[in-house]
Every structure is written in structure tokens, then in C-alpha cells.
Amino acid sequence: MADALGVAFDDALDDPDLTAAVRAYADSPQVRARLALPFPHLIVGCRSLAQLVVEEESARVLALAAGVPRDGVMERLRRGAHPDWVSRDFAPGAKVQDARDLADVLDRYSGDAVHILVSGFDHLAPRSQEVFLKRLESSRAARSHLLVSDLAGVVLTIRSRCHILHVPPPDAAASLALLRARASVACDAAWSALRLARGDVDRALSWFGDPAARAVVAGWASGPAATLKVLVEAQRDVGPAGLDAAFVALKHNLGVAADKARALPLLRSLPKRYQPSLVLRQWLIDQFILVVAGAYGEVEAAP
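We now turn to the structure provided with this report. (Residues numbered from 1 in each chain as written. Predicted model: local features only at pLDDT ≥ 70, side-chain atom pairs only at ≥ 80, totals over all residues. Heavy atoms only, no water.)

1. A word on the overall build of the protein chain
Then, in step 1: Each helix and strand in the protein chain was counted, giving 16 helices and five strands.
Then, in step 2: Here the protein chain, with 303 residues, has 48% of them falling under the buried criterion.
Then, in step 3: Within the protein chain, contacts between residues at least 6 apart in sequence are counted, and of these 71% link residues at least 24 apart.
Then, in step 4: For the protein chain, the exposed surface amounts to about 14500 Å²; the carbon and sulfur share of it is 54%. (Helix = DSSP H or I, 4+ residues; strand = E, 2+ residues; numbered from the N terminus. Buried < 20%, exposed > 50% of the residue type's maximum accessible area, 1.4 Å probe, protein only. Contact = heavy atoms within 4.5 Å. Areas by Shrake-Rupley, 256 points an atom, 1.4 Å probe, with all protein chains shown as cover.)

Rendered as C-alpha cells:
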């Protein structure tokens, strides 16, 4: 299947929204057969790509059942306006109540035609995963798809109750096209984010939905001062995606080793207005933004 995906994307990179590439893959006999199996699908790999594949296959099935054009159904799916389509994205730190709320939504469906897409299922805690899957199995869903980045984040008993489908990551060119299409950003911005995320399309995509993260992506290549400027100016308004982007940027700028001799000169050379105050310094420590252990504790606070 990895070979089929690679060929599909290599043949359609000129399509700016990747529609042709994704549709060719979703329409392949192998993918159709696997996604048609009547139990939950656990799809592992590039979630952004997997979501497009699931949307295409679900649109095909729903359009065929209703006798209407596929493109019209796809447009309704992506707007969340189709009556037989439920889609949710769990962010890191999702709570058990989030899983229960989605399960309550499923309970309102009386028929068995509903298609369910849950992205970031591995962001749920083990107890939350169990709660949701139990409710999902008791629902009348026609097809359900749980997208995860890493199989290790899924409870072992759940793995045994799902059909596992691996979606390999696209190559560099396809990753760039995918990110540009999903985030609606310029090539330079997409490339900067992919470089910072080391090719992880899902992680890079999450940054474009957060103002602080976008600012970090725009300036991280110029050095740690740009990232610290974002944190100091935004302070407690920085969300999880902004914190993640800042962590990765500082890690890249300062190095992965806890080497104070290397890091402190960099931090002390920053303009005073970008050095964290005592309060902000403690907040940064609490949020695990520090890359070099204890480094901020030795930086003079701004007057």
C-alpha cells in the first residue's frame, strides 16, 4: 500500500489541492476493501493525509447511496453540513468529557448510515479511549475511522478491537503541497514550518491555527530572540500550539544538549526587552519551554 500511495502522489503533485492524488489513492481497490470492513478502523501515520483519504472514500459511498454527485457530497463533508457525517479533532490534553460529548452526539443518530472520523484519537488518555470506543461499538455507525500519529499512544486492548491501516508519510514535495493546501499558506511559510517540524505535516499544520505559533514559524530561523519575543509579548495568551512551536524552535536554536556553556551566551546576548521577567521566567519553566536545564535561572531579569 505504501508503494501505491507514493505512485499516486508522485503522479499528481501539480494539482494544488491534491484532489487527484488523494482520490486516486482512495479509489484504489486495496483501500476501498480495507475501509469497507465493518468495524472501527485505526489509521496510523500522517493524519492530514489520512483525513483527506477518508473524506474521499466516505463521500464516494454516501454519494452512491444517495444517487448524487460525489463532489457535492465532498463539499458538504468539509463544511460539516452532511447529516450522515460526524468529524472531530481531539487536541493534545483532551479530557474524558470530550470523548463523552462526542459519544452523546453519536447517540442522536437513529440510522446506521453515519460515517465517523476522529482525528487525534491518541491524544485521549487511556480511560477516555476506552470510554469512547465502548460507546462507538454500541452505536449504529456504518463506518468509523480513528486517526492517530503513533500506534504507541493507543491502548493495547483497543488495537485488538480495530482494523489497523498504515498511511505512510508523503515525500518532501507532497508534504509541502499538502500543507499549503490544508493551511492555505504561501510556499515560504509552509516550507519554514516543515523545516521546523522536521517534515511532520500534522505538527506543522497545527501551528497555523494559532497566532503565536504562526509568529514563531515566521521568525524562528533568525535565532532565539524572535521566539522569545513572541513569548514575552503574548505571555499567558500563548496556547498549546504556540508553546509547542516555541519549544521546537528553541530546541533547534539552542541545541538538544543541556549545555549551559553553549546556551547562556546566546541567552545573555538577547536584547534586554526580550529576556523574561521573573514572573514570565517561572511561567516558562512551568510550561516546559526550557530547552537547556536551568538556563533561564541564570539570565538577568530585565529591569
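Read on for the rest.
2. Considering the nonpolar core
Then, in step 1: Ranked by size, the top nonpolar core spans 52 residues in total, and within it Ile-43, Leu-179, Ala-193, Leu-196, Trp-207, Phe-208 and Val-216 carry the most contacts.
Then, in step 2: Looking at this core element by element, the count peaks at eight residues for helix α4 (residues 47-66).
Then, in step 3: Among residues more than four places away in sequence, those in contact with Trp-207 are Ala-193, Leu-196, Ala-197, Ala-213, Arg-214, Val-217, Ala-241, Asp-244, Ala-245 and Val-248.
Then, in step 4: Of all hydrophobic cores here, the second largest spans 25 residues; its members include Val-44, Ile-116, Phe-121 and Val-148. (Core = buried A, V, L, I, M, F, W, Y, C linked by side-chain atoms within 4.5 Å.)

3. A few points about helix α10 (residues 187-196)
Note: α-helices contain 3.6 residues per turn, so residues at a spacing of three or four share the same orientation.
Then, in step 1: The complete set of buried residues in α10 reads Ala-190, Ser-192, Ala-193, Leu-194 and Leu-196.
Then, in step 2: Once α10 ends, the next one or two residues include Arg-198, with phi positive near 55°.

4. Here we look at helix α7 (residues 126-138)
Then, in step 1: Over its 13 residues, α7 extends 19 Å from the first C-alpha to the last, a length consistent with the 18 Å expected when each residue adds 1.5 Å.
Then, in step 2: By the burial criterion, the buried members of α7 are Ser-128, Gln-129, Val-131, Phe-132, Leu-133 and Leu-136.
Then, in step 3: On the buried face of α7, the contacting elements are α6 (96-107), β3 (115-119), β4 (143-148) and α8 (156-159). (Expected span 1.5 Å × (residues − 1).)

5. A short note on the environment of Leu-243
Then, in step 1: Position of Leu-243 among the secondary structure elements: in helix α14 (residues 240-254).
Then, in step 2: For the pair Leu-243 and Val-216, spaced 27 residues apart in the sequence, the C-alpha separation amounts to 9.5 Å.

6. Overview of the environment of Phe-208
Then, in step 1: The topology assignment puts Phe-208 in the loop between α11 (201-207) and α12 (211-219).
Then, in step 2: By relative accessible area, which is 14% here, Phe-208 ends up buried.
Then, in step 3: Once the C-alpha coordinates of Phe-208 and Ala-190 are considered, the two residues, 18 residues apart in sequence, prove to be 9.2 Å apart.
Then, in step 4: Beyond its immediate chain neighbours, meaning those up to four positions away, Phe-208 contacts Leu-179, Ala-183, Val-185, Ala-189, Ala-190, Ala-193, Arg-214 and Val-217.

7. A few points about the packing of aromatic side chains
Then, in step 1: Throughout the structure, instances matching the rule amount to one aromatic pair.
Then, in step 2: Ring centres of Phe-121 and Phe-132 lie 6.2 Å apart, and the angle between their planes is 55°; on these two criteria the pair is classed as tilted. In this pair, Phe-121 sits in the loop between β3 and α7 while Phe-132 sits in helix α7, placing the two residues eleven residues apart along the sequence.
Then, in step 3: Owing to a relative accessible area of 0%, Phe-132 belongs among the buried residues under this scheme. (Phe/Tyr/Trp six-rings, centres within 6.5 Å; stacked < 30°, edge-to-face > 60°.)

8. Focus on unusual backbone geometry
Then, in step 1: Here the phi dihedral of Ser-184 falls at roughly 55°; this positive angle occurs in a residue that is not glycine.
Then, in step 2: Of note, Ser-184 is situated in the loop between α9 (172-183) and α10.

9. Section: the packing of helix α2 (residues 19-26) against α4
Then, in step 1: Across the interface, α2 lies against α4 with an axial gap of 9 Å and an inter-helix angle of 65°. Relative to α4, α2 is oriented roughly perpendicular. In this structure, α2 meets α4 at a crossing whose hand is right-handed. The segment α2 lies against α4, with Thr-19, Val-22, Arg-23, Tyr-25 and Ala-26 engaging Leu-49, Leu-52, Val-53, Glu-56 and Glu-57.
Then, in step 2: The residue makeup of the contact of α2 with α4, split by class, is six nonpolar, one polar and three charged. (Axes fitted to C-alpha atoms, helices over the stretch in contact; angles between N-to-C directions. Parallel < 35°, antiparallel > 145°, perpendicular 65-115°, else oblique. Left-handed = near helix turned anticlockwise from the far one by under 90°. Nonpolar A, V, L, I, M, F, W, Y, C, P; charged D, E, K, R; others polar.)

10. Overview of the side chain of Arg-143
Then, in step 1: Its location among the elements puts Arg-143 in strand β4.
Then, in step 2: Arg-143 sits in the buried class, given a relative accessible area of 14%.
Then, in step 3: For Arg-143, the side chain forms a polar contact with the side chain of Glu-57, separated by 3.0 Å.
Then, in step 4: Not counting residues up to four positions away in its chain, the partners in contact with Arg-143 are Leu-35, Ala-36, Glu-57, Val-61, Val-114, His-115 and Ile-116. (Polar contact = N/O pair within 3.5 Å; in protein donor to acceptor, adjacent residues only side chain to side chain.)

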